[in-house]
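Here is how the chains run, residue by residue.
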Amino acid sequence: MSINLKGKSIISLNDMKKEELLYLMDISKKIKEGKYSNFLEGKIVASLFFEPSTRTRLSFQSAIKYGGGKSIGFATSKSSSTEKGESLADTVKTVNGYCDAIVMRHRIEGAARRASDVSTVPVVNAGDGSNQHPTQTFLDLFTIIEKKGSLNNNVVGLMGDLKYSRTIHSLLIALSHFDVKLVFISPEALKIPSRYLEYLKSKDIDYEIYNDFKDCGKSLDILYCTRIQRERFYDPMEYESVAGSYVIDKEGLEYLNKETYIMHPLPRVDEISVEVDDDPRAIYFEQAHNGVPVRQALLGLLTGTIK
Amino acid sequence: MSINLKGKSIISLNDMKKEELLYLMDISKKIKEGKYSNFLEGKIVASLFFEPSTRTRLSFQSAIKYGGGKSIGFATSKSSSTEKGESLADTVKTVNGYCDAIVMRHRIEGAARRASDVSTVPVVNAGDGSNQHPTQTFLDLFTIIEKKGSLNNNVVGLMGDLKYSRTIHSLLIALSHFDVKLVFISPEALKIPSRYLEYLKSKDIDYEIYNDFKDCGKSLDILYCTRIQRERFYDPMEYESVAGSYVIDKEGLEYLNKETYIMHPLPRVDEISVEVDDDPRAIYFEQAHNGVPVRQALLGLLTGTIK
Amino acid sequence: MSINLKGKSIISLNDMKKEELLYLMDISKKIKEGKYSNFLEGKIVASLFFEPSTRTRLSFQSAIKYGGGKSIGFATSKSSSTEKGESLADTVKTVNGYCDAIVMRHRIEGAARRASDVSTVPVVNAGDGSNQHPTQTFLDLFTIIEKKGSLNNNVVGLMGDLKYSRTIHSLLIALSHFDVKLVFISPEALKIPSRYLEYLKSKDIDYEIYNDFKDCGKSLDILYCTRIQRERFYDPMEYESVAGSYVIDKEGLEYLNKETYIMHPLPRVDEISVEVDDDPRAIYFEQAHNGVPVRQALLGLLTGTIK
């Protein structure tokens, strides 16, 4: 199969076939190794952040600029014309004349898809409500490959808010295309929805379910943590009673394998103690940094400046 | 006449003689054709948007960056020192040391003129209150030339809020230097002020007045639409009764000539139906996109990087 | 001594030895003379302005971009993840993967130091609360050298709010390393704290104290003015009674030497009358403009792109 992503929009994980995803991973690796430079020269990427997000926005900005490109845009909808009653479609059709690609975050599910439907330049979804945030998943996958050599043959623990976390659901779908075993670790109230378990069965992916990472940590290649939001519990007492089982601190490290890498989409609050940061298994900052080469690769492929 | 705009500020249409305007149009065309590149290399343009405006701001950013330049600035006065009681003149005199040109939007009429009076670098007015927004007119003129080959020999319809629209008034003045016929189409409450009619008479420009574009559409080369703001009517019922006569939808298209181009400064709300967008006569997005080459040309000429 | 600032953070004046400071001044001069260009090419500097500041932010932006570098960041904490409860340390550790240096302003004293403690890239403090703002002092020193040829052999008047002004305190400390005489001019309520006088004695620096610049102006090489904030006085009447003694207007100029340069960190409100601006001794805008070469030099040295 010849792979050509030029002109495509990436709104959800499903916009990339497995081969395309692996190609993106490969280009990302080459970029991190310094094998491409200034490929975005002369290109402008518009960052339309209708909803603020420092981390994702700065990561894209960094990708655009280390790639040699330039950026225009806004960081909050406060400074956008949608305040004047303009439709999103009109904003996109106008901005199409100002740039070579659009990176967009919006609080409304489906907004990015709507934008890509009318856009004449590629649109990258940088998060639409609680729906999709595909580049987060791409950098998660890249980090796993970087540390483990492959997406195959890994036991991946997914811990925390398995019910609502968009990051977890996307990662689960992405991993299901590979030879992995998944281990779900969460309180009852936030357990993985059964539709995902059905899906995994249909794909013949093995999984296990735990309430405490201490019971399964030694078996894991990766432990992917997410935040448990107090607001998710009807009963604050219930939150207090369970939260401790999902906190990784110095003592918790003892329950992991010597090679269990700890990942987190960040920002974290207290689910990973800062005393863990210096442990070689703590790779969540590296993981965040990987957003730069992965987003560079994606923008290079979509604009056709990397072939 | 030798034309040299280096160092000039452009605050109102009157800052450009007819020959200079035509020269700007010519350079804009060459830029759109790719005949100049990176002329702004090493130059910084400060975007001082004391009042937010996505469209105009991003269009200038795009112009600066496709021209090879860099940009500094702010998108709202929230992040400006004027909050600390600093005078506009002091802000401008300080920023003069940071850049090669200033693009400025301010809510107060005359602010841009005041800025240009103290500035040692060229100032471009990107809108001061309801006063002047000359680059909007430049891109309007450029679009007419691009579609019709010339500003002369056109019948131009101006529709909507002819009483208050800054865009309409500026375009009218600019067109009055050419061999055109103007057709005014508006409700009584928003008709073109008589001082403009007097002015046209003094310039020997023919005009006609209508209440409904359906009565004159077939005669038009250009139909330039603007929004009718509900707030302009004392009586909401009056708004309801007239608004429909100024909406272009699929049916309305029937009343236009096969070559009547439809323009709009955008953003639109409902005065042009989205079903019209695919009609080849609907050129308002192209018109918006033309802001980029026109603003590139202007910045190139004012900074002396295009001669 | 071999001077190498690569990788260092500059949080307070004390982070630079006297020799390093003089080296910075020397490089700044060369940059202003056009002797370095594009040294920041390929580098990204993150501007993290948790607290807004147009002047300082734009000056750094200009320095980065005239130096050939690129910039990412935010202008207010409204658009930062700290709103989601992320610690400053985590924000810094994440942003480390996006850039080659960080420029940071924060309302909390010590925030910049904390950031530099965890950062793997150089951090420049662009103001933390009422604590430190070292680059303001650097540009002040640079301006004195530029006008007087040296930091030595100057009588420097410091006027206005000598009690609270961070700018004054930093400049005093910096000047104390040179052969200067200091003249303090302020109302009683805002006089220089005695700990600074003790310090000057320990350094064998001569000083004098006045309540009115008219009594000492003829003896000054430099008169450095700062704003007196009405809010500093318990009794508004007291403010009214003294404020006039610290305002430089056309008449006040008569009390200065023909070569007494007037400096001010800006923004000013009414402590220097605009009628003074055209006097050749009024150098406060030049002083502000000097922020660009000085910040370029600093970023070049810290990133190792200038050696």
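(A) Structural detail: the overall build of chain A. From N to C terminus, chain A includes eleven helices and nine strands. A globule of 307 residues ought to have a C-alpha radius of gyration of about 19 Å, and chain A, at 20 Å, matches this closely. Dimensions along the principal axes, computed over C-alpha positions, put chain A at roughly 55 × 45 × 40 Å. Buried residues in chain A amount to 52% of all 307 residues. Within chain A, contacts between residues separated by at least 24 positions form 74% of all contacts whose residues are at least 6 apart in sequence.

(B) How the structure looks around the interface of chain A and chain C. The interface of chain A with chain C comprises 19 residues on the first partner and 19 residues on the second. The element contributing the most residues to the side of chain A that touches chain C is helix α2 (residues 54-66) of chain A, with eight residues. Residue composition of the side of chain A that touches chain C, by class: ten nonpolar, six polar and three charged.

(C) Spatial organisation of the relation of the copies chain A and chain C. Superposing chain A onto chain C takes a rotation of 120° plus a shift of 0.0 Å along the axis, which leaves an RMSD of 0.0 Å. Both copies are brought into coincidence by an operation consistent with a three-fold rotation axis. Relative to the rotation axis, the C-alpha of Lys-70 of chain A is the closest in chain A, positioned 5.1 Å from it.

(D) Highlighting the pairing of strand β2 (residues 70-74) of chain B. All names here are of chain B. Burial analysis of β2 places five of its five residues in the buried class, the great majority of the element. With burial as the criterion, each face of β2 is covered, one bearing Lys-70, Ile-72 and Phe-74 and the other bearing Ser-71 and Gly-73. With five bridges connecting them, strand β1 (residues 44-49) and β2 associate as parallel partners. Within β2, the residue paired with Val-45 across the bridge is Ser-71. Regarding the hand of the β-α-β motif, the stretch spanning β1, helix α2 (residues 54-66) and β2 is right-handed.

(E) Structural context of the domain arrangement of chain A. All names here are of chain A. The domain boundaries assigned to chain A delineate domain 1 (13-132 + 291-303) and domain 2 (135-276). Each of domain 1 and domain 2 was reduced to a C-alpha centroid, and the two centroids are 27 Å apart. Residue-level contacts link 15 residues of domain 1 with 13 residues of domain 2. Only α1 (18-32), β4 (123-128) and α11 (291-303) provide two or more residues apiece to the side of domain 1 that touches domain 2. A breakdown of the residues in the side of domain 1 that touches domain 2 according to their chemical character gives seven nonpolar, five polar and three charged.

(F) Broad picture of the packing of helix α5 (residues 134-148) of chain A against helix α6 (residues 166-175) of chain A. Residue and element names in this part refer to chain A. One can describe the packing of α5 onto α6 by two numbers: an axis separation of 9 Å at closest approach and a directional angle of 55°. Classified by the angle their axes make, α5 and α6 are oblique. Classified by chirality, the crossing of α6 by α5 is right-handed. Two secondary-structure elements touch here, α5 through Pro-134, Gln-136, Thr-137, Asp-140 and Leu-141 and α6 through Thr-167, Ser-170, Leu-171 and Ala-174. Within the contact of α5 with α6, the residues separate by chemical class into four nonpolar, four polar and one charged.

(G) Region of the structure containing the interface of chain B and chain C. Taken together, the contact pairs 19 residues of chain B with 19 residues of chain C. Counting only elements with at least two residues in the side of chain B that touches chain C, the list comes to β1, β2 and α3 (88-95) of chain B. Examining the composition of the side of chain B that touches chain C, we find that four residues originate from one element, α3 of chain B, more than from any other. Across the side of chain B that touches chain C, the residue classes break down as seven nonpolar, six polar and six charged.

(H) Quick look at the sheet that holds strand β9 (residues 261-263) of chain B. Residues and elements named next belong to chain B. A sheet is described by the order of its strands in space; here five strands give the open sequence β7-β6-β5-β8-β9, paired in parallel fashion. Looking at which strands have only one partner, the edges of the open sheet turn out to be β7 (206-210) and β9. Geometrically, the sheet is characterised by an average inter-axis angle of 20° between neighbouring strands, direction not taken into account. Across five bridges, the pairing between strand β6 (residues 180-185) and β7 is parallel. When the bridges of β7 are listed, Ile-185 appears paired with Tyr-210. The sheet strands contacting helix α5 (residues 134-148) are β5 (154-159), β8 (222-225) and β9, and the helix crosses β9 at an angle near 170°.

(I) Examining unusual backbone geometry more closely. Residue and element names in this part refer to chain B. Across the junction of Leu-266 and Pro-267, the peptide omega takes the value -5°, indicating a cis bond. For Leu-266, which is not glycine, the phi dihedral falls at a positive 60°. Its 21 C-beta neighbours within 10 Å are what place Leu-266 among the buried residues.

(J) Highlighting the packing of helix α1 (residues 18-32) of chain B against helix α11 (residues 291-302) of chain B. Residues and elements named next belong to chain B. Packing of α1 against α11 leaves a shortest axis separation of 8 Å and a crossing angle of 115°. Here the hand of the crossing between α1 and α11 comes out right-handed. Contact residues: α1 offers Leu-24, Ile-27, Ser-28, Ile-31 and Lys-32, while α11 offers Pro-293, Val-294, Gln-296, Ala-297, Leu-298, Gly-300 and Leu-301. Grouping the constituent residues of the contact of α1 with α11 by class yields eight nonpolar, three polar and one charged.

(K) Expanded view of the sheet that holds strand β2 (residues 70-74) of chain C. Residue and element names in this part refer to chain C. What the four strands build is an open sheet, ordered β2-β1-β3-β4; its pairing is parallel. Every interior strand has two partners, whereas the edge strands, β2 and β4 (123-128), have only one. Averaged over neighbouring strand pairs, the angle between their axes works out to 15° when direction is ignored. Bridging between strand β3 (residues 101-106) and β4 involves four bridges; their strand directions are parallel. Paired with Val-103 across the strands is Val-124, a residue of β4. Helix-sheet contacts for helix α2 (residues 54-66) involve β1 (44-49), β2, β3 and β4, and the interaxial angle to β1 is about 175°.

(L) Quick peek at the environment of Ile-145 of chain C. Residue and element names in this part refer to chain C. Mapped onto the elements, Ile-145 comes out in helix α5 (residues 134-148). In this structure Ile-145 comes out as partly exposed when scored by C-beta crowding, with 19 C-beta atoms within 10 Å. Counting along the chain gives 119 residues from Ile-145 to Asp-26, while the straight-line C-alpha distance between them is 9.9 Å. Residues contacting Ile-145, with those up to four places away along its chain left out, are Met-25, Ser-150 and Leu-151.

(M) Examining the confidence of the model for chain A more closely. Summing up the model confidence of chain A, the mean pLDDT is 94 and the portion of residues at 70 or higher is 97%. Model confidence for the complex is summarised by a pTM of 0.95, with the ipTM given as 0.95.

(N) Summary view of the environment of Asp-15 of chain A. Residues and elements named next belong to chain A. Within the element layout of this structure, Asp-15 appears in the segment before α1. Taking the number of C-beta atoms within 10 Å as the measure of exposure, Asp-15 has 18 and is therefore partly exposed. Each C-alpha atom of the pair Asp-15 and Glu-254 lies 40 Å from the other, and the pair is 239 residues apart in sequence. Those residues in contact with Asp-15 that lie beyond four places of it in its chain are Lys-8, Ser-9 and Ile-10.

(O) Representation of the pairing of strand β8 (residues 222-225) of chain C. Residue and element names in this part refer to chain C. Here β8 shows two buried faces, one formed by Ile-222 and Tyr-224 and the other by Leu-223 and Cys-225. Across four bridges, strand β5 (residues 154-159) lies against β8 in parallel orientation. From the neighbouring strand, Gly-157 faces β8, where its bridge partner is Leu-223. Bridge analysis of β8 against strand β9 (residues 261-263) gives three bridges, and the strand direction is parallel. Bridge assignment links Ile-222 to a residue of β9, and that residue is Tyr-261.

(P) Molecular detail of helix α4 (residues 111-118) of chain B. Residues and elements named next belong to chain B. All buried positions along α4 are accounted for by Ala-111, Ala-112, Ala-115 and Ser-116. Buried residues along α4 cover an arc of 135° about the axis, so they all sit on one side. Contacts made by the buried residues of α4 are with α3, β3 (101-106) and β4 (123-128).

(Q) The arrangement of the environment of Lys-181 of chain B in detail. Residues and elements named next belong to chain B. Secondary-structure assignment places Lys-181 in strand β6. What makes Lys-181 partly exposed here is the crowd of 17 C-beta atoms within 10 Å. Spatially, the C-alpha atoms of Lys-181 and Gly-157 are 8.5 Å apart, while their sequence positions differ by 24 residues. Leaving out residues up to four positions away in the same chain, Lys-181 has contacts with Val-155, Asp-206 and Tyr-207.

Calculation rules
Residues numbered from 1 in each chain as written. Chains lettered and ligands numbered in written order. Predicted model: local features only at pLDDT ≥ 70, side-chain atom pairs only at ≥ 80, totals over all residues. Helix = DSSP H or I, 4+ residues; strand = E, 2+ residues; numbered from the N terminus. Rg over C-alpha atoms; globule rule 2.2 N^0.38 Å. Buried ≥ 20, exposed ≤ 12 C-beta atoms within 10 Å, placed from the backbone. Contact = placed C-beta atoms within 7 Å. Nonpolar A, V, L, I, M, F, W, Y, C, P; charged D, E, K, R; others polar. Least-squares fit on C-alpha atoms with pLDDT ≥ 70 in both. Pairing = 2+ DSSP bridges. Right-handed = clockwise from strand over helix to strand, strands pointing away. Domains from an automatic or database assignment. Axes fitted to C-alpha atoms, helices over the stretch in contact; angles between N-to-C directions. Parallel < 35°, antiparallel > 145°, perpendicular 65-115°, else oblique. Left-handed = near helix turned anticlockwise from the far one by under 90°. pLDDT = per-residue confidence, 0-100. Arc of directions from axis to C-beta.

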